[in-house]
Amino acid sequence: MTKKEIAERKFRPAKQEADDARKAIETPQTTSAAYRLAFQDNEFLLREDLRPVRFQLELLKPELLMTEAQIESTFVFYGSARIPEPEEVQARIDAATTPEQRRIAENLGRKARYYDEARKLARIAAAYPPNPAGCRHFVVCSGGGPSIMEAANRGAADIGAQTIGMNIVLPHEQAPNRFVTPELSFQFHYFALRKMHFLLRARALAVFPGGFGTFDEFFELLTLVQTGKMKPIPILLFGRDFWNRVVNFEALADEGVIAPSDLNLITWVETAEEAWAAVEAFYEDMDAPGCD
């Protein structure tokens, strides 16, 4: 629909109606919650019965904003919220007050190099030029939190590129990392909708060492591709030593619960350069897509 067609609509815009509704004369009737316009009534929207509507809104809002920003595809980063950047490692070890805390700090410290690799990979991806139609590809997208997520957003910000953060409401106070582009900083209530948005535009995905959240997102992606629900994309797995220690992928194939060919869904990498080379190899025979 063109701007001219929108301007010629016969009905008044909802925003104008909403503004006028706020000016209602105060009477017992107009001050009742029942009188509020349904889309202005937060108590109504938060009712249990309205969950399907909230699902739709949470799917639609980021979709519209990213479409308007001409984001055609993304490079998604999964990984721990606990791995420190290299400069913080020693301070965390020194702050440990028990042998157990020190052991954990040292374990996380040994993974700090992945902060730098995530940042470098994001910098490479964010430099990918827009296509002739102005659509942007490989826009860096993370969960918007600290650690590996911060490194990804930071890498894009290093070169002045916009970068997406998909935060989630948690019981404890938290906020998106400071490197997320404010206009592309989204907050989700539903994990399911957040995971869907991670993958709707994903053209490549890097997975770094992480915990339950990383496992959840990573294995859902593998399942979607394995079952044909999603077309294959480069799935770049950083940290072979970590992953082989916590998940025995070969044993899954040996036990027959996955096919040996399913192991080929994963591309093992250790550096940003290896990861980007794998992405280029995956897409070398494909033309850069235009805007849908």
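Read on for an overview of the structure. Source: prediction; values computed, not measured. (Residues numbered from 1 in each chain as written. Predicted model: local features only at pLDDT ≥ 70, side-chain atom pairs only at ≥ 80, totals over all residues. Heavy atoms only, no water.)

### Describing the environment of methionine 166
Its place among the elements puts methionine 166 in strand β3 (residues 164-168). Given a relative accessible area of 1%, methionine 166 falls into the buried group. Distance in space between the C-alpha atoms of methionine 166 and leucine 184 is 8.3 Å, their sequence separation being 18 residues. Contact partners of methionine 166, with chain neighbours within four places excluded, come to Met66, Cys141, Ser142, Gly143, Gly144, Phe186, Phe188, Arg194, His197 and Phe198. (Helix = DSSP H or I, 4+ residues; strand = E, 2+ residues; numbered from the N terminus. Buried < 20%, exposed > 50% of the residue type's maximum accessible area, 1.4 Å probe, protein only. Contact = heavy atoms within 4.5 Å.)

### Focus on the packing of aromatic side chains
Summed over all chains, the structure comprises 21 aromatic pairs. Ring centres 6.3 Å apart and planes at 65° place the aromatic pair tyrosine 114 and phenylalanine 208 in the edge-to-face group. Taken together, the residues tyrosine 114 in helix α7 (residues 113-126) and phenylalanine 208 in the loop between β5 (202-207) and α10 (212-226) connect sequence positions 94 residues apart. Using a relative accessible area of 0% as the deciding quantity, one classes phenylalanine 208 as buried. Joined through ring pairs, the aromatic side chains of Phe75, Phe77, Tyr114, Tyr128, Phe138, Phe208, Phe238, Trp276, Phe282 and Tyr283 make up one cluster. Against the face of tyrosine 283 rests arginine 203, its NZ or CZ located 4.1 Å from the ring centre. (Phe/Tyr/Trp six-rings, centres within 6.5 Å; stacked < 30°, edge-to-face > 60°. Lys NZ or Arg CZ within 6 Å of the ring centre and 35° of its normal.)

### Overview of the pairing of strand β2 (residues 139-142)
Side-chain alternation along β2 places Val139 and Cys141 on one buried face and Val140 and Ser142 on a second face that is also buried. Strand direction decides the pairing type here: strand β1 (residues 74-78) and β2, joined by three bridges, are parallel. When the sheet's bridge partners are listed, threonine 74 is paired in β2 with valine 139. Taken together, the two bridges between β2 and β3 define a ladder with parallel strand orientation. Bridging from a neighbouring strand, cysteine 141 pairs with isoleucine 164 of β3. (Pairing = 2+ DSSP bridges.)

### Some words on helix α13 (residues 272-283)
Taking 1.5 Å per residue as the helical rise, α13 with its twelve residues ought to reach 16 Å, and the 17 Å between its terminal C-alpha atoms agrees with that figure. All of the buried residues in α13 are Ala272, Ala275, Trp276, Ala278, Val279 and Tyr283. Looking straight down α13, one finds its buried side chains confined to an arc of 155°; they lie on one side. Lining the buried residues of α13 we find β1, α7, β5, β6 (235-238) and β7 (266-269). (Expected span 1.5 Å × (residues − 1). Arc of directions from axis to C-beta.)

### Some words on the nonpolar core
Core analysis: the biggest nonpolar cluster contains 63 residues, and Phe75, Phe77, Leu121, Ile164, Phe218 and Phe238 have the highest contact counts within it. Of all the elements, α7 adds the most residues to this core, at seven residues. In this structure phenylalanine 75 touches Leu121, Ala125, Phe138, Val139, Val140, Cys141, Ala204, Leu205, Ala206, Leu236, Trp276 and Val279, once residues within four positions along its chain are discounted. (Core = buried A, V, L, I, M, F, W, Y, C linked by side-chain atoms within 4.5 Å.)

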